[in-house]
Amino acid sequence: LPVLPRSVGVVTSATGAAWRDMCRVWKKNAVPIRALLSPAQVQGTGAADDIVAALDRLNRHAEADVIIVGRGGGSREDLWAFNEEPLARAIAASPVPVVSAVGHEIDQTIADLVADRRAATPTAAAELVASSRQLLLDRIDGAGRRARSAVGRQLLVTRSRLQEPVLQRSLGQPARLLSVYRQRLDEAFDGVKTPA
C-alpha cells in the first residue's frame, strides 16, 4: 500500500454504514485524505457486476492511490457478490492497490484472498490506509526531537569550549590576537611580487 495516500477510492453502497464509518475514522483522526466514493450495489442480483463497474470507474479516472472495496456484515448470501469470479478477477487486475473490507472479522470472501490487503471490517480498512501516514508523521516528529536534542548538546559542548581558560586569555588580549593575524597577512603579501 502507498505510504502517503492522498486520495482513497471507496467502492461500497452510498447509503450503507460502511461509507459513514470510514469517513468518521478519517475525520476523527484528522487524516487529510480525499475520499472518492464510487457507489455500488453490494448485495443481491447484479451486485458483483455493479462492484466491478465501480472499481473500473476508479481505475479509469486514476485519481485514487489506494482503493477500498467492501461493505458491512451480513449473512453469507448478503456477502455472496464478493465471492464471484468477475469481481475476483477485477480486483486482482486492478493497477491501483486494493484493500478488501467485507463484513465482520469472521467473514472471509474470495475478494479478501485476491486483494492486495485484507481488513477485517470497513472501519479497520479506513484505519489501515491512514496508519502508514500516521507512522510516518510519528517518525518525522521523533527525528525532529532527536535533531533538536543533538543540536542542544552540541551547543553545550561549544559553549564549554568557549569558556576554556586558554581561549579566554586569547580573547582577553585582542591586540595579541590581532598581531598574529597581522603577521600572517604580512607574510602573505611578502610572497606576492608587485609589478614594476
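Structure: above.
All values derive from a computational prediction rather than experimental measurement.

**Student:** Can you help me understand the overall build of the protein in this one?
**Tutor:** Check the secondary structure of the protein and you find seven helices and five strands. Reading the protein from its N end, one meets helices and strands in the order β-α-β-α-β-α-β-α-β-α-α-α. Partitioning the contacts of the protein with sequence separation of at least 6, the portion at a separation of at least 24 is 65%.

**Student:** Even after reading the chapter, I still don't get the nonpolar core, so can you show me in this structure?
**Tutor:** Nonpolar side chains in soluble globular proteins tend to end up buried together. In this structure, V11, I51, L55, I67, V69 and F82 are the most contacted members of the largest nonpolar core, which totals 24 residues. Broken down by secondary-structure element, the contributors of at least two residues to this core are α2 (47-61), β3 (66-71), α3 (85-93) and β4 (98-102). What I67 contacts, discounting residues up to four positions off in sequence, is G9, V11, L55, L58, N59, S94, V96, P97, V98 and V99.

**Student:** Where do I start with unusual backbone geometry in this structure?
**Tutor:** For residues besides glycine, phi is generally negative; the peptide bonds are generally trans as well. One non-glycine residue, A62, lies in the positive phi region at around 50°. Mapped onto the elements, A62 comes out in the loop between α2 and β3. Overall, A62 belongs to the exposed group, its relative accessible area being 58%.

**Student:** Could you clarify how one ought to interpret helix α1 (residues 17-28) in this entry?
**Tutor:** Since the α-helix advances by 3.6 residues per turn, residues separated by three or four positions end up pointing in the same direction. Under the 1.5 Å per step criterion, the end-to-end length of α1 is 16 Å for 12 residues, consistent within 8% with the ideal 16 Å. Those residues of α1 that fall on the buried side of the exposure criterion are A18, W19, M22, V25 and W26. End-on, the buried residues of α1 take up no more than an arc of 125°, which puts them together on one face. Among the exposed residues of α1, those oriented more than 90 degrees off its buried face are R24, K27 and K28. After α1 finishes, the residue A30 shows a positive phi value of roughly 50°.

**Student:** Just checking my understanding: could you explain the pairing of β3 for this structure?
**Tutor:** Each regular strand shows side chains that alternate between the opposite faces of the sheet. Burial runs high along β3: six of the six residues are buried. Bridging between β3 and β4 involves five bridges; their strand directions are parallel. When the bridges of β4 are listed, I68 appears paired with V99. Traced from β3 through α3 to β4, the parallel crossover comes out right-handed.

Parameters at a glance
- Residues numbered from 1 in each chain as written.
- Predicted model: local features only at pLDDT ≥ 70, side-chain atom pairs only at ≥ 80, totals over all residues.
- Heavy atoms only, no water.
- Helix = DSSP H or I, 4+ residues; strand = E, 2+ residues; numbered from the N terminus.
- Contact = heavy atoms within 4.5 Å.
- Core = buried A, V, L, I, M, F, W, Y, C linked by side-chain atoms within 4.5 Å.
- Buried < 20%, exposed > 50% of the residue type's maximum accessible area, 1.4 Å probe, protein only.
- Expected span 1.5 Å × (residues − 1).
- Arc of directions from axis to C-beta.
- Pairing = 2+ DSSP bridges.
- Right-handed = clockwise from strand over helix to strand, strands pointing away.

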